[in-house]
Amino acid sequence: MAAARRIAAEYRVDDLNLVKPGIGETTRVLLRRVPWRVLIDGAAGPEVDHVRLLAAQRGVPVETVHGLPFRSVGLVRRLAR
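Attention here is on the structure that accompanies the text. All values reported here derive from a predicted model rather than from experimental measurement.

**Concerning the side chain of Thr 27**
Right, so step 1: With respect to the helices, strands and loops of the structure, Thr 27 is situated in helix H2 (residues 23–32).
Right, so step 2: Overall, the relative accessible area of 15% leaves Thr 27 in the buried class.
Right, so step 3: Other than its neighbours up to four places away in sequence, Thr 27 contacts His 50, Val 51 and Leu 54.

Spelled out as structure tokens, the structure:
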């Protein structure tokens, strides 16, 4: 939880529910939500290849973050109400 809070603060995400850590959550964000950025750990291997592919197909920027405590994190765009 602390890592998600740090990521939210660093990327100026005001709602912790918009930070989706882990490969599964990142995949769901790319398939079903409106992401604005994907973070991938610098040490991640082929287990995130599909995340990179989905992000490229959707035009979502992928940022490599060394020392990320998750293999990947999806940051969801807040939609206007």
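After presenting the structure, the write-up continues.
**Re the side chain of Ser 72**
Right, so step 1: Checked against the element boundaries, Ser 72 lands in strand S4 (residues 72–76).
Right, so step 2: A relative accessible area of 0% places Ser 72 in the buried class.
Right, so step 3: Residues within four places of Ser 72 in sequence aside, it is in contact with Lys 20, Pro 21, Gly 22, Ile 23, Thr 26, Leu 39, Ile 40 and Val 48.

**Focus on the pattern of salt bridges**
Right, so step 1: Under the counting rule described, the total for this entry stands at six salt bridges.
Right, so step 2: The residue Asp 15 makes a salt bridge to Arg 78 at a minimum N-O spacing of 3.7 Å. Separated by 63 residues along the polypeptide, Asp 15 in the loop between helix H1 (2–10) and strand S1 (19–21) and Arg 78 in the segment after S4 bring together distant segments of the chain.
Right, so step 3: With a closest N to O distance of 2.8 Å, Glu 63 and Arg 37 form a salt bridge. Taken together, the positions of Glu 63 in strand S3 (residues 62–65) and Arg 37 in strand S2 (residues 35–41) put the pair 26 residues apart, joining distant regions of the chain.
Right, so step 4: What makes Glu 63 partly exposed here is its relative accessible area of 24%.
Right, so step 5: Under the relative-accessibility criterion, Arg 37 is labelled partly exposed at 23%.
Right, so step 6: Connected through shared salt-bridge partners, Asp 14, Asp 15 and Arg 78 make up one network.

**Focus: the nonpolar core**
Right, so step 1: Core analysis: the biggest nonpolar cluster contains 14 residues, and Ile 7, Tyr 11, Val 13, Val 19, Leu 39, Val 73 and Leu 75 have the highest contact counts within it.
Right, so step 2: Elements supplying a minimum of two residues to this core: H1 and S4.
Right, so step 3: Beyond its immediate sequence surroundings of up to four residues, Ile 7 is in contact with Val 19, Leu 39, Leu 68, Phe 70, Val 73 and Leu 75.

**A few points about the sheet that holds S2**
Right, so step 1: Ordered by their spatial adjacency, four strands build an open sheet running S1-S4-S2-S3, and the pairing between neighbours is mixed. Strand pairing shows two members of the sheet lacking a second neighbour, S1 and S3, which therefore form its edges. On average, each strand axis in the sheet is inclined to that of its neighbour by 20°, with strand direction left out of account.
Right, so step 2: For S1 and S4, the ladder comprises three bridges, and the chain directions are antiparallel. Each residue of the ladder has a partner; that of Pro 21, found in S4, is Val 73.
Right, so step 3: Along the sheet face, H1 touches S1, S2 and S4 and points at about 135° away from the line of S1.
Right, so step 4: Across the face of the sheet, H2 comes into contact with S1, S2 and S4 while running at roughly 35° to S4.

About the criteria used
Residues numbered from 1 in each chain as written. Predicted model: local features only at pLDDT ≥ 70, side-chain atom pairs only at ≥ 80, totals over all residues. Heavy atoms only, no water. Helix = DSSP H or I, 4+ residues; strand = E, 2+ residues; numbered from the N terminus. Buried < 20%, exposed > 50% of the residue type's maximum accessible area, 1.4 Å probe, protein only. Contact = heavy atoms within 4.5 Å. Salt bridge = Lys/Arg side-chain N within 4 Å of Asp/Glu carboxyl O. Core = buried A, V, L, I, M, F, W, Y, C linked by side-chain atoms within 4.5 Å. Pairing = 2+ DSSP bridges. Axes fitted to C-alpha atoms, helices over the stretch in contact; angles between N-to-C directions.

Read these as layout, nothing more, since geometry by itself doesn't imply function.
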